Amino acid sequence: MPRGITIQEYAPKLNRTAADLVRMLMMAGEMVTATQSLSDDMIELIADELGAEILLVDPGQEQEQELLALFDQEEPDESELVERPPVVTVMGHVDHGKTKLLDAIRAANVVASEAGGITQHIGAYQAVRNGHAITFIDTPGHEAFTAMRARGAEATDIAVLVVAADDGVMPQTLEALSHAQAAEVPIVVAINKVDREDANPDRVRQQMVEQGLIPEEWGGDTIMVEVSALKGEGIDALMDALLLVAEVEELQAAPDRPAIGLVLEAHLDVGRGPVATALVQQGTMRVGDPVVAGGAYGKVRAMLDDQGNRVDVAGPATPVQVLGFNDVPLAGDQIRVAPDERVARTVAEARARRARQVELMGTAAAPVGAGSKLEDIFAHIQRGEITTLNLILKADVQGSLEAATDALRKRERDDVKLAFVQRGVGGITENDVNLAITSNATIIGFNVRPDRIARELAERERVEVRLYEIIYEMLEDVEAAMVGMLAPEFEEIVTGEAEVREVFSVPKVGRIAGCYVRSGVVKRGSKVRFLRDGVVIWKGEIASLKRFKEDAREVSAGYECGIGLEAFQDLKPGDIIETYEDREIART
C-alpha cells in the first residue's frame, strides 16, 4: 500500500466502497474526504478494522524494486573473488597534521617527472607500496565519513586516527574515534609530529589505552605508528601497517561484473556538466556503461583518475571522476551500471518521482536507523527483551559531563543497559545528529543547544534530542521511561534566531545588540536563550526591540534589528539570541 493513498484508491483494494471507509474513519473520530491523502495511522486503522494485512511502501518504491531486480545479481561465487585494495579514511583533530600526512603519502607516490605538474584533487586517490595499491578517501574529516554512513554507505575498510605527539588526545580526536568505532572498522593510530622537541609518543599511547585502544608493543592489538608528515618519516611503516591490516581483513571483490559503487562527492562543472567522484566497490566500470545514481542517470562519457588522466576501466576499490550524468547525484548515493540506458533512466525517474511525492506529502517515513527513543524502552522491557539505550551526551563543562555520566550509569538495570556512543563538551552539532542516526542513539544535552542545522536535521531524521538544565529532571525521565510512566512534557518550539553583529552602548539604557535575524520571527517579550558557541549562558526575556529607531513588535528573518535584554549586558558579536515558546505535548 503506497503511503499517502486516498480513500478512493484504497477502497477497491479492500473490496469496499469509499463511503464504507469514510464512515469507518468517522466512527473513529477522523473526518476525511474520499480524495484526501490518508496518514499511515489511518491506513493501518482501516486495515486492522477489516482484518487485512498490509505493507506500507513509499510512493514508487514497488516499481523501483521491480526495476532494480532487473540488474540485481546473486552474491559473487568464491571463484569470482580476487584480492582488492583496502579503502582507508584518515581522521583526527584539526591541526594534528591530517592533511600534511595525506600530502606526504601522495608526494611519495607521484612520479618524479610529474612532481612539477598540477595534480587534480578528486577527494580520493590511490597510493602504491611494494606493488600493492591502497585507496585513500580524502574527506573533510569524520563529518563527511559519518554523514555517508548515516545514509547507509559503508565505504571504509580501515580508519587511520592521526594524533599529534606534542598535543595528545583532543576533543575532536575522541569524536573521530567514536565515529570509527561506531563504523566497526579496524583502527590504526598514526602518532604524528614526532620530530618536535616536546613530542611525547608514549603519552599518546597511554591516552589511547584509556580509550580502550592498547598498542601492539604493550600487548594489545592496535597498531600505532610514529610518523612525521613534515619530514616524510614513518610513511612507509604506516603503509606497511595498513597492508598488514588489509591482509588480515581478507578484502575481496568480484571484478568481472557490472560495477556497483558509491558517490563520494559531486558537483556541477561549468565546462563538463555534472561530475561525480565515485568509488567502485564491486565489479568494473567502463567508458560507455549506462549508469544510475539516486535520481540521476546517464552514460559514462569519460573517467579521470586522481592525476587527471583519462582511464577507460575502473576496477574494485578504484576512485574515479565520472562524467556523463544528466543531473548531479548526492554524496552517499549508490552508483550502479544498468543493463541498458532505458532501465537506468526508468529507475532514476522513479526515484526522483518518489522523492518529489514524499516531499509533497511532507511526511517522509522515518528512515531506517532513526533515533531510538526513551518512550520505546518500556515496550522492550514488557516483551522481556534486554534493551540497550544508546546515548550521545553533550554538556557545557567537563564537570557536568562526568556528573551526568556517573548518575546515569547508576540507573542501569539488568534489562536496560546504557551505552555512551559519545560524550563531549560544547553545543550539539550536525555531526552529533549524524552519529545518532548511524548508531540509533538519543541525544541528551545539559545547558547546551543544537545549532540550527543540527536541529533541522534532527527533526527531519526523527532523532530524539532531549535538553536539560537540572540533572534530576534527566534521571527522572530515564527512570519514568523504564516503568512506562513518562509524564506529559513541554516541547520548546524555537520561534526565531538572531545573530549579534555589533554591540552599542546607549546612555541610561545600557548595551544593545545590533542583530541580524537568521530564521523565524523575533518578538518583543519573547522568552530567550543567549548562546555562545552553542552553550547557554543566560535565559530571560527580550526587553526592547527596535527597527532603526522605531519600536517594533516583531522582526522577521532577513532583517536587522536592535535587541535589549532584561538584566543582561555581556554581549559579544557572533553570539546567538534564540527565542522560543513552550507548548505542552502529551506522551504516546
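On a predicted model such as this, the values are computed, not experimentally measured, just so you know.

Enquirer: What is the right way to read the overall build of the protein chain from this model?
Expert: Looking only at helices and strands, the protein chain has 15 helices and 29 strands in total. Sorting the 588 residues of the protein chain into buried and exposed places 48% on the buried side. The long-range share in the protein chain, meaning contacts at least 24 apart out of those at least 6 apart in sequence, stands at 71%.

Enquirer: Sorry if this is basic, but what is going on with the packing of aromatic side chains here?
Expert: Describing an aromatic ring pair means giving the distance of the ring centres and the angle of the ring planes. According to the stated counting rule, one finds four aromatic pairs in the structure shown. Joined through ring pairs, the aromatic side chains of F530, W538 and F568 make up one cluster. Taking the ring centre of Y580 as reference, the NZ or CZ of R529 above it sits at 4.0 Å.

Enquirer: Whenever I open this one, the nonpolar core confuses me. Can you help?
Expert: Soluble globular proteins: nonpolar side chains tend toward being buried together. L101, I105, F136, L238 and L242 are the most contacted members of the largest nonpolar core, which has 28 residues in total. When residues no more than four places from it in sequence are discounted, the contact partners of F136 are V88, V90, L102, I105, A124, Y125, A127, M239 and L242.

Enquirer: Help me out: how do you make sense of a negative patch on the surface in this one?
Expert: On the surface, a cluster of negative charge is made up of E30, D41, E44, D48 and E49. Along the chain, the position of E44 falls in helix α3 (residues 40–50). In this structure E44 comes out as partly exposed when scored by relative accessible area, which is 36%.

Enquirer: What's the story with the pattern of salt bridges in this structure? I'm lost.
Expert: Side-chain pairs of opposite charge can arise whenever the charged atoms involved come near each other. The tally for this structure, following the rule as stated, stands at 29 salt bridges. Between K299 and E341 there is a salt bridge; the shortest N-O distance is 3.9 Å. Of this pair, K299 sits in strand β13 (residues 296–304) while E341 sits in helix α10 (residues 341–361), placing them 42 residues apart in sequence. What makes E341 partly exposed here is its relative accessible area of 46%.

Enquirer: For this particular structure, what's the right way to read the pairing of strand β28 (residues 560–565)?
Expert: On any regular strand, side chains alternate: one points to one face of the sheet, the next to the other face. Here β28 lies mainly inside the structure; five of its six residues are buried. Both strand β23 (residues 510–523) and β28 contribute to a ladder of four bridges, which runs antiparallel. Bridging from a neighbouring strand, Y516 pairs with E560 of β28. In terms of strand pairing, strand β25 (residues 535–547) meets β28 through four bridges, oriented antiparallel.

Enquirer: Quick question: what am I supposed to make of the packing of helix α13 (residues 430–439) against helix α14 (residues 452–461) here?
Expert: The description of two packed helices rests on the angle between their axes and on the distance between the axes. Contact pair α13 / α14: the axes reach a minimum separation of 8 Å and the direction vectors enclose 20 degrees. As the angle between them shows, α13 and α14 are arranged roughly parallel. In this structure, α13 crosses over α14, and the sense of that crossing is right-handed. Contact with α13, carried on its side by E430, V433, N434 and I437, involves I453, A454, L457, A458 and E461 of α14 and no other residues of that element. Of the residues that constitute the contact of α13 with α14, the class distribution is six nonpolar, one polar and two charged.

Enquirer: Quick question: what am I supposed to make of the packing of helix α2 (residues 18–27) against α3 here?
Expert: Contact pair α2 / α3: the axes reach a minimum separation of 11 Å and the direction vectors enclose 100 degrees. Between α2 and α3, the angle falls in the class roughly perpendicular. In contact with L21, M24 and L25 of α2, α3 contributes M42, L45, I46, E49 and L50. Counted by class, the contact of α2 with α3 contains seven nonpolar, no polar and one charged residues.

Enquirer: Mind showing me how you'd approach the pairing of strand β6 (residues 187–192) here?
Expert: Burial runs high along β6: six of the six residues are buried. Tracing the backbone out of strand β5 (residues 158–164), into helix α7 (residues 171–182) and back to the parallel element β6 gives a crossover that is right-handed. Relative to strand β7 (residues 224–226), β6 runs parallel, the two sharing three bridges. When the bridges of β7 are listed, I191 appears paired with E226. You can see the chain leave β6, run along helix α8 (residues 201–210) and come back into β7, and the turn it takes is right-handed.

Enquirer: How should the environment of A338 be read in this particular structure?
Expert: The topology assignment puts A338 in the loop between β17 (334–337) and α10. Owing to a relative accessible area of 5%, A338 belongs among the buried residues under this scheme. Through-space distance from the C-alpha of A338 to that of A259 is 8.8 Å; in sequence the pair is 79 residues apart.

Enquirer: Help me understand α7, please; the structure alone is not making it clear to me.
Expert: Since there are 3.6 residues in each turn of an α-helix, residues three or four apart along the chain are aligned in direction. An ideal rise of 1.5 Å per residue puts 16 Å on twelve residues; α7 measures up with 17 Å between its terminal C-alpha atoms. If you check which residues of α7 are buried, you get T173, E175, A176, L177, S178, H179 and A180. In the segment just after α7, E184 is the residue with positive phi, at about 55 degrees.

Enquirer: Looking at this structure, how should I read the confidence of the model for the protein chain?
Expert: The predicted coordinates should not be examined in detail at positions where pLDDT is low. When pLDDT is averaged along the protein chain, the result is 82, and 84% of the positions lie at 70 or above. Per-residue pLDDT stays below 50 along residues 111–120; that stretch engages in twelve contacts with residues further than four places along the chain or on separate chains. Long-range and interchain partners of residues 362–371, a stretch whose pLDDT sits below 50, account for 19 contacts in this model, where long-range means more than four residues apart.

Enquirer: For this particular structure, what's the right way to read the environment of V160?
Expert: Its location among the elements puts V160 in strand β5. For V160, a relative accessible area of 1% puts it in the buried group. Measuring from C-alpha to C-alpha, the distance between V160 and A180 comes to 9.0 Å, with 20 residues separating the pair along the chain. With residues up to four places along the chain from it excluded, the contact list for V160 reads V88, T89, V90, M91, V188, A190 and L242.

Enquirer: Could you clarify how one ought to interpret unusual backbone geometry in this entry?
Expert: Most peptide bonds adopt trans geometry, and most residues besides glycine take a negative phi value. Even without glycine at this site, N15 takes up a positive phi of about 55 degrees. Mapping N15 onto the fold places it in the loop between α1 (7–13) and α2. Located in the positive-phi region is F548, a residue other than glycine, with phi close to 55 degrees. Residue placement: F548 occurs in the loop between β25 and β26 (550–551). For F548, a relative accessible area of 73% gives the class exposed.

What counts, and at which threshold
Residues numbered from 1 in each chain as written. Predicted model: local features only at pLDDT ≥ 70, side-chain atom pairs only at ≥ 80, totals over all residues. Heavy atoms only, no water. Helix = DSSP H or I, 4+ residues; strand = E, 2+ residues; numbered from the N terminus. Buried < 20%, exposed > 50% of the residue type's maximum accessible area, 1.4 Å probe, protein only. Contact = heavy atoms within 4.5 Å. Phe/Tyr/Trp six-rings, centres within 6.5 Å; stacked < 30°, edge-to-face > 60°. Lys NZ or Arg CZ within 6 Å of the ring centre and 35° of its normal. Core = buried A, V, L, I, M, F, W, Y, C linked by side-chain atoms within 4.5 Å. Patch = residues over 30% accessible without salt bridge, like charges linked within 9 Å, V, L, I, M, F, W, Y side chains within 5 Å. Areas by Shrake-Rupley, 256 points an atom, 1.4 Å probe, with all protein chains shown as cover. Salt bridge = Lys/Arg side-chain N within 4 Å of Asp/Glu carboxyl O. Lys, Arg positive; Asp, Glu negative; His and termini not counted. Charge placed at Lys NZ, Arg CZ, Asp CG, Glu CD. Pairing = 2+ DSSP bridges. Axes fitted to C-alpha atoms, helices over the stretch in contact; angles between N-to-C directions. Parallel < 35°, antiparallel > 145°, perpendicular 65-115°, else oblique. Left-handed = near helix turned anticlockwise from the far one by under 90°. Nonpolar A, V, L, I, M, F, W, Y, C, P; charged D, E, K, R; others polar. Right-handed = clockwise from strand over helix to strand, strands pointing away. Expected span 1.5 Å × (residues − 1). pLDDT = per-residue confidence, 0-100.

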